[in-house]
Amino acid sequence: MAEPRHDEALLRLAEENAALRLRIADAEDTLRALRSGEVDAILVGEDVYVLEGADTAANRFRSDVLAQMEDAVIVLDTEGHVVYLNAAAERQYGVPSAEALGRPRSALFTPEWDSDADEQAARQALADEGFWRGRCIHRTATGRRLIVECSNSHLRDAHGSLAGLLVVARDFSVQAAAESALAASRARLQFALESARIGEWDLDLESDSSVRTLRHDLCFGYTRPVPRWGLATFKSHVHPADLMRVEQNVNEALGWRDEMHLECRVIWPDGNVHWIEIHATVFRHGGKPRSMAGIVADISERKFAEEALRDADRRKDVFLATLAHELRNPMAPISNSLAIMRRSESPALHAQAMASVEKQLAHLVRLVDDLLDVSRISQGKMTLRLARIDVAEVLQSAIDSALPRLEQKQHRLEVQWPESPIAFDGDMTRLTQALTNVLDNAAKYTPEGGRIELSACREFGEVVIRVRDDGSGIHPAHLGQVFELFTQVGRARDHSQGGMGIGLALVKRLVEMHGGTVHARSAGEGRGTTVVLRLPLPATAPSVAQTQMMPPAPEALPAAPTPAELVTPSRRLRVLVVDDNADSADSLAMLLELMGHASTIARDGEQAVDLAASYLPDVILMDIGLPGVDGYEASRRIRAQVPHRDVLLVALTGWGQAADRERSRQAGLDQHLVKPIDPEHLESLLASL
Amino acid sequence: MHDGAKVALTLFVRGTGARSVRAIVNVRSLCERLMPGAYRLDVVDIATDPVQARSNQLLAVPTLVLPGGEPRRFVGDMSKDDRIVEALDALRTGCATDG
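All of these numbers come straight from a predicted model, not from anything done at the bench.

### Remarks on the overall build of chain B
- Counting secondary structure elements, chain B contains three helices and five strands.
- Listing the helices and strands of chain B from first to last along the sequence gives β-α-β-α-β-β-β-α.
- Expressed as a percentage of the 99 residues in chain B, the buried residues total 44%.
- If you take every contact in chain B between residues at least 6 apart in sequence, the share linking residues at least 24 apart comes to 63%.
- As displayed, chain B has an accessible area near 4,700 Å², and 50% of this comes from carbon and sulfur atoms.

So this is what it looks like as structure tokens:
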């Protein structure tokens, strides 16, 4: 029993001995480690004694500095193992120091390069100079992609042999993201500017040179960048008419305003005029303007569209004013005639007045009919009643309709009939209407006793109708516009004949409905006009020339009536009536006689000036729209001629806008009456003298 | 391979002390060299985990504790690795025999 016990004791002793040896080995190892300075701290019970080695202070200083650094600091040994990383590196790569130490670099990150060449360059720099600095990507162990500004340096020991690699990496991702967002935003801005055709510029005032985009130069007509551009260059491109305004804008901006917003015209190298828009800011240094930066855009399209709109609007205004004038013109004799009929019992006067009313009424009706026709065609509500007709029928029918007007102005009509019948498909009524309008127009714009030629012939599969007059003609620039509805070529005051383009606009529309065309030709103002109507022919047929001369059909103006009844006013005045419209003048003169005043008539401005001197009127009733010398000019001349005379000058016109009244006042006219005159008003005006 | 088949090593260190850092580097390099993928290294900082340090009756840090019926310990920065290699080899073969 003793032996086993002995054995057990021996075994236990051996075990204890072994444990003790281990303890001793531990203790020896600890002592060895302590002696060779491999220990950081000693633990006694619960106390921890930190050992201060000779290099501890320096180490702590170093590690404190590194710990404070924002940049990740990593040291790799020659085998590529991580032997040091600071707190920033732990954060940046998301790996605690204890996990990373001793592991290969890939435990923290794997560098990625934009290209193999970049990687090669970095390796080469490190090999050659022991240092490389640049931007690359660190892919972390968890797959995050960091854009880092990185500097790699070789570490060497006291003997100068390679000891490892120091990597300092600053995470650039946030900044890089911001930079890339900025670049994207910049690209978007550039795109926006480019699509809006906006150019940018930055002008240095000291050197008068600028940095700009190509779009800037494009705004001035250059498809390639201009080598040098300054304020002076800019000014040299500005349209002379805008230059003063532009310079004022620039000076104000540089002087005190600090900003500039302007639109102006520029002249391109090819001579074309473009509109540009500029917005700019002035930058100062010590109060002195140093530079100016802004944008520029070509706004020609918008400007021209605006101009076209304004033009259309202006034409509409003119049209409405002309329309009012046109409608008022026939109303004057109607109103006068009615006044005559009220005041007189004379059957002869009544008959004459009624004839005048009927004539003017017919004119009014036609005017309104024309307007309605144009409107109907515009709205597509007019349909043609097509039938096979002969052009000679159209000519004859139109001559019949236009005859009264031709005769009234004592025009001579020469007709060259087609040599043989020219048959085509057309609406007889509408074509007659069109041709009548052309003839009326010719009669209107040709001075009394003029010559009007009408012809029809076959030409190249078309029937061609020509109306030629030797009247006032049309300026070449306006030839294209005469058929437009709202155009009345030049708002000439001297077109006593009225005319507002309704007639010709209707002609164009009617002819075009027939598949034809209409053109006007003129050698110039005062040199007559030729209007050519072309209508398509269905088939060909020979023709024979046949000319028929229309004898002049003068019609004597009705003799001035002898007043049957005379009212004696408080004072019998001498009144000069100036009006080229015979009906208006005659009826007004008759009305004045009935009111008990003496009157005489001048047909135009020059006659009015002469009669003002010889007849010595108390009152002059001056129509403004007169052929040649207009009412304004005549009034000025009369005022200049007899400045001492106390004559009442009264403008009598269809033009009733404020601007017209102002013009009357400036021309020396005392009153401005709008046609038709209210006889009561006229009577009281005369009585007040 | 689950953790049970791995050799579990514990390295006690003190913060980022220079020898502690060196010890981590050296132990990890050693393990990677001798038994890559077959070990688990737990680094315990006595500053943040003093209880573990006391229960292991440490004398100094850094100290590497190897598992076993009578755990082996090594003190220092583990730069003298002869005995550690020997001990690790023993562990590895023991482990392999066990497994």
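### A short note on the state of the cysteines
Residue and element names in this part refer to chain A.
- The final tally for this structure, using the stated rule, is zero disulfides over all chains.
- Between Cys136, a free cysteine, and Cys150, which holds the nearest cysteine sulfur, the sulfur-to-sulfur gap is 4.8 Å.
- A relative accessible area of 6% means that Cys136 is categorised as buried.

### Observations concerning the sheet that holds strand S23 (residues 598-602) of chain A
Residue and element names in this part refer to chain A.
- Taken in spatial order, the five strands line up as S23-S22-S24-S25-S26 in an open sheet, and their pairing is parallel. The open sheet terminates on both sides in strands that have one partner only, identified here as S23 and strand S26 (671-674). Going across the sheet, the axis of each strand differs from the next one's by a mean of 20 degrees, ignoring polarity.
- Pairing geometry for strand S25 (residues 648-653) and S26, over four bridges, is parallel. Within S26, the residue paired with Thr653 across the bridge is Val674.
- This element, helix H17 (residues 631-641), spans strand S24 (619-623) and S25 of the sheet and lies at about 155 degrees to S24.

### Description of H17(A)
All names here are of chain A.
- Every buried residue of H17 is listed here: Gly631, Tyr632, Ala634, Ser635 and Ile638. The buried residues of H17 all sit within an arc of 165 degrees when viewed along its axis, so they share a single face.
- Considering only its buried residues, H17 is in contact with helix H16 (605-614), S24, S25 and helix H18 (658-666).
- Looking at where H17 begins, the residue whose side-chain oxygen comes 3.2 Å from the main-chain nitrogen of Tyr632 is Asp630.

### Comments concerning the pairing of S23(A)
All names here are of chain A.
- Where strand S22 (residues 574-578) meets S23, five bridges bridge the pair, whose relative direction is parallel. When the sheet's bridge partners are listed, Leu576 is paired in S23 with Thr600.
- Where the polypeptide runs from S22 across helix H15 (residues 582-595) and back to S23, its parallel neighbour, the crossover connection is right-handed.

### Structural notes on unusual backbone geometry
- Of note, the amide linkage connecting Val61(B) to Pro62(B) takes the cis form, showing an omega dihedral of 0 degrees.
- If you check the backbone angles, Met78(B) has positive phi at about 65 degrees while not being a glycine.

### Topic: the side chain of His597(A)
- Following the sequence through the fold, His597(A) ends up in the loop between H15 and S23.
- Within the local environment of His597(A), its side chain forms a polar contact with the backbone nitrogen of Leu573(A), the two atoms lying 3.0 Å apart.

### Topic: the interface of chain B and chain A
- Contact with chain B, which involves 33 residues of that partner, is made by 32 residues of chain A.
- In this assembly, chain B and chain A are joined by three salt bridges.
- Two residues, Lys80(B) and Glu38(A), come together in a salt bridge whose shortest N-O distance is 3.4 Å.
- Taken together, the links from chain B to chain A amount to 13 residue pairs in polar contact (both at pLDDT 80 or more).
- Residue assignment for the side of chain B that touches chain A shows that the elements contributing at least two residues are helix H1 (18-34), strand S2 (39-45), helix H2 (50-55), strand S3 (60-61) and strand S5 (72-75) of chain B.
- In terms of residues, the side of chain B that touches chain A owes the most to one element, H1(B), which gives 10 residues.
- Its residues assigned to classes, the side of chain B that touches chain A shows 16 nonpolar, five polar and 12 charged.
- Pairing of strand S1 (residues 41-44) of chain A with S3(B) involves two bridges; the strand directions are antiparallel. Residue pairing in the sheet places Ile42(A) in a bridge with Ala60(B) of S3(B).

### So, the pattern of salt bridges
- Inspection of every chain in the model, using the stated rule, returns 42 salt bridges over all chains.
- The salt bridge partner of Arg412(A) is Glu414(A), with a shortest N-O separation of 3.2 Å.
- Accessibility expressed as a relative area gives 14% for Glu414(A), which makes it buried.
- Where salt bridges share partners, they join Asp29(A), Arg32(A), Glu38(A), Lys80(B) and Arg83(B) into one cluster.

### Brief notes about the confidence of the model for chain A
Residue and element names in this part refer to chain A.
- Chain-level pLDDT for chain A is 82 on average; 90% of the residues reach the 70-or-more range.
- Contacts of residues 488-500 to residues separated by more than four positions or lying in other chains number 45 contacts, the stretch itself having pLDDT below 50.
- The model gives residues 540-567 a pLDDT under 50, and that stretch makes 61 contacts with residues more than four places away or in other chains.

### What about the packing of helix H12 (residues 391-408) of chain A against helix H13 (residues 428-444) of chain A?
Residues and elements named next belong to chain A.
- As a packed pair, H12 and H13 sit with axes 8 Å apart at the nearest point and diverge in direction by 40 degrees. Between H12 and H13, the interaxial angle falls into the category oblique. Two packed elements cross with a definite hand, and for H12 against H13 that hand is right-handed. Residues Glu393, Val394, Leu395, Ser397, Ala398, Ile399, Ser401, Ala402, Arg405 and Leu406 of H12 form the contact with H13, whose participating residues are Met428, Leu431, Thr432, Leu435, Thr436, Leu439, Asp440, Ala443 and Lys444.
- In terms of residue class, the contact of H12 with H13 is built from 11 nonpolar, four polar and four charged.

### Here's the deal with the nonpolar core
- Residues Leu395(A), Leu435(A), Leu439(A), Leu454(A) and Ile465(A) are the most contacted members of the largest nonpolar core, which totals 47 residues.
- Ignoring sequence-local partners within four residues, the contact set of Leu395(A) consists of Val415(A), Trp417(A), Pro418(A), Leu435(A), Leu454(A), Ala456(A) and Ile465(A).
- Counting 46 residues, the second largest nonpolar core, distinct from the first, contains Ala89(A), Leu126(A), Val7(B) and Val25(B).

Rules of the game
- Residues numbered from 1 in each chain as written.
- Chains lettered and ligands numbered in written order.
- Predicted model: local features only at pLDDT ≥ 70, side-chain atom pairs only at ≥ 80, totals over all residues.
- Heavy atoms only, no water.
- Helix = DSSP H or I, 4+ residues; strand = E, 2+ residues; numbered from the N terminus.
- Buried < 20%, exposed > 50% of the residue type's maximum accessible area, 1.4 Å probe, protein only.
- Contact = heavy atoms within 4.5 Å.
- Areas by Shrake-Rupley, 256 points an atom, 1.4 Å probe, with all protein chains shown as cover.
- Disulfide = S-S within 2.5 Å.
- Pairing = 2+ DSSP bridges.
- Axes fitted to C-alpha atoms, helices over the stretch in contact; angles between N-to-C directions.
- Arc of directions from axis to C-beta.
- Polar contact = N/O pair within 3.5 Å; in protein donor to acceptor, adjacent residues only side chain to side chain.
- Right-handed = clockwise from strand over helix to strand, strands pointing away.
- Salt bridge = Lys/Arg side-chain N within 4 Å of Asp/Glu carboxyl O.
- Nonpolar A, V, L, I, M, F, W, Y, C, P; charged D, E, K, R; others polar.
- pLDDT = per-residue confidence, 0-100.
- Parallel < 35°, antiparallel > 145°, perpendicular 65-115°, else oblique.
- Left-handed = near helix turned anticlockwise from the far one by under 90°.
- Core = buried A, V, L, I, M, F, W, Y, C linked by side-chain atoms within 4.5 Å.

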